[in-house]
Amino acid sequence: MHSWRAESGGDAPLLAGADGVWSAAQLAQQVDDIAAQLRRAFRPHAAIAILADNGPDWIAADLAAHEAGMTLVPLPSFFTPAQWQHAVGAAAVEGLFCMRAEHAALLGFGQVLSCPGGLRLHARTLPHPAVLPGVQKITFTSGTTAQPKGVCLSSDQQWELAAVLRDGLAALAIRRHLNLLPLSVLLENIAGAYTALLSGAVNICLPLARTGLSGASGFDPVTCLDTIAAERAESVILLPQMLLALTAAAAPDDPRLRTLKFMAVGGAKTPPALIAAARAKGFPVYEGYGLSECGSVVALGLPGRDRAGSVGRPLPNRRVRIAPDGEIEVGGGTMAGYLGAPAPGEAWLGTGDLGHLDADGFLYIDGRKSNVLVTAYGRNVSPEWPEAALLGTGAVAQAMVVGDARPFLAAAIVPLRADLADAAIEAAVARANAGLPDYARIRRWFRTRPFGEADGTATANGRLRRGAAFERCRAEIDLIYQTDGD
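The rules we used
Residues numbered from 1 in each chain as written. Predicted model: local features only at pLDDT ≥ 70, side-chain atom pairs only at ≥ 80, totals over all residues. Heavy atoms only, no water. Phe/Tyr/Trp six-rings, centres within 6.5 Å; stacked < 30°, edge-to-face > 60°. Helix = DSSP H or I, 4+ residues; strand = E, 2+ residues; numbered from the N terminus. Buried < 20%, exposed > 50% of the residue type's maximum accessible area, 1.4 Å probe, protein only. Lys NZ or Arg CZ within 6 Å of the ring centre and 35° of its normal. Axes fitted to C-alpha atoms, helices over the stretch in contact; angles between N-to-C directions. Parallel < 35°, antiparallel > 145°, perpendicular 65-115°, else oblique. Left-handed = near helix turned anticlockwise from the far one by under 90°. Contact = heavy atoms within 4.5 Å. Nonpolar A, V, L, I, M, F, W, Y, C, P; charged D, E, K, R; others polar. Core = buried A, V, L, I, M, F, W, Y, C linked by side-chain atoms within 4.5 Å.

Visitor: Please explain the packing of aromatic side chains as it appears in this structure.
Guide: When we look at a pair of aromatic rings, we describe it by the centre distance and by the angle of the planes. Following the criterion strictly, the structure yields six aromatic pairs and no others. Ring plane angle 90 degrees and centroid distance 6.2 Å describe the contact between F78 and Y439, whose orientation is recorded as edge-to-face. Linking F78 in the loop between β4 (71-74) and α3 (81-90) with Y439 in the loop between α12 (422-434) and β28 (442-447), this pair joins segments that are 361 residues apart in sequence. For F78, a relative accessible area of 6% corresponds to the buried category. Measuring from centroid to centroid gives 4.9 Å for F408 and Y481, while their planes differ by 40 degrees, and the two rings are tilted. Of the two residues, F408 sits in the loop between β26 (396-402) and β27 (409-415) while Y481 sits in helix α14 (residues 474-483), which places them 73 residues apart along the sequence. Taken individually, F408 and Y481 each receive the classification buried, so the pair is uniform in this respect. An aromatic cluster is built from F78, F79, W385 and Y439, whose rings are joined through pairwise contacts. Above the face of the Y286 ring, R279 is positioned so that its terminal group lies 4.7 Å from the ring centre.

As structure tokens, then:
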């Protein structure tokens, strides 16, 4: 029995969805009933995926997987079907919570099982099912390449983090948390839903369209502000680009923010100027830092424990150090391992991020060690991925994709022929985008002259020197993001 059951009385509200409120007792009964069906239908430690919109049934299915000792594999709705197929194949998923029959069929789940609650349970028979004892959740990242990597977490790791966050936020006495991000995203799943459950707070889990979010990067700030007000939300978690849009849409001391006590922003680096502008409008916003390998949160700014430009101090259950080359490293025991790889034990985990700690222990993010771009919506994209798609169209000789901390990706394109019409390049970009998820698609592009050894923008074998290439194209890049707020 998990401690969330003991935090509220039987009649106390614990979930609020589009169809009404669930009491703690109702949630517990639903979890018990789904867990019993999972035990009847599947072998111990079986992998069960979930592909569904936010709602109380998502949380109930998630908790039931904990209860039944199953491995849950959340499938983000913003993944492509090919990425869903990769995830269910890599994790040897045997069951699927899903509302849409066509999605279940696409993923090869032909059997329909009876199951309590609002989600249908589908099954398939595998000749060689995986055995994953100790792994309760496999979270697939948004994917720096076409094949997302599975991060394995135990049940204890998830609940320990939620308990640390509950204790850190206890002084705020938050009673209503609104799930703005998809529950399939670990940040909302653990730092949002689980932390609220352990706090005895109400999780307000509405369909994402009701909170203004669509796909990987579509966001309506007016809908979001109106829902925050209507639901009397006291806490939310959001991404930097969402905060930017909300700040622009809100009036100073906007009455729709009246009930908010705490807003956590994470998923990508947030400019300090944006935090300051948001606070000036009345948003009680604090930046955090984390990664899936650590269950989502490593450091978090809190009221009275905050510093401009910092992502806060590391959480009490995290050890952070800075390597000689400036890379942030997190102490061992952070995860069960990557899917298909041995557990890391107590080794230090390199984050790929560069940073520093000040004399008081506040953590600052200085940049990224690799080429991986982190969009303003928190999606990780290796630029080589969409660049390869562009080069494969037959119309592009060279391409440089940019978009770190930006709301969308753009590309500097060297056409295969100098006389190639813009319409032909636009068609090539559309062909490349057709095979990419929306967070990895090229929204804007511009022509540029070839990258080469002569001006230091490429090596002799044609490999981009990204820093030099970016500097050469800086004016065009800046213009693209100044003239298009998409």
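Visitor: Just checking my understanding: could you explain the packing of helix α1 (residues 24-41) against helix α2 (residues 56-68) for this structure?
Guide: Helix-helix packing is described using two parameters, namely the angle between the two axes and the distance between the axes. For the pair α1 and α2, the least separation of the axes is 8 Å and the interaxial angle reads 55 degrees. When the axes of α1 and α2 are compared, the pair comes out oblique. For the element pair α1 and α2, the recorded crossing hand is right-handed. Where α1 approaches α2, its residues L27, Q30, V31, D32, I34, A35, L38 and R39 are matched on the opposing element by D57, A60, A61, L63, A64, A65, E67 and A68. Looking at the contact of α1 with α2, its residues break down into eleven nonpolar, one polar and four charged.

Visitor: What am I meant to see in the nonpolar core here?
Guide: Buried together is how nonpolar side chains tend to be arranged in soluble globular proteins. By size, the foremost hydrophobic cluster in this structure holds 134 residues, and its most contacted members are W4, L27, L38, L75, F97 and L390. Excluding residues within four positions of it along the chain, L390 makes contact with V396, A399, V401, A411, I413, V429, A432 and I442. The next biggest cluster of nonpolar side chains, apart from the first, holds 15 residues, and it includes F408, A412, F446 and I477.

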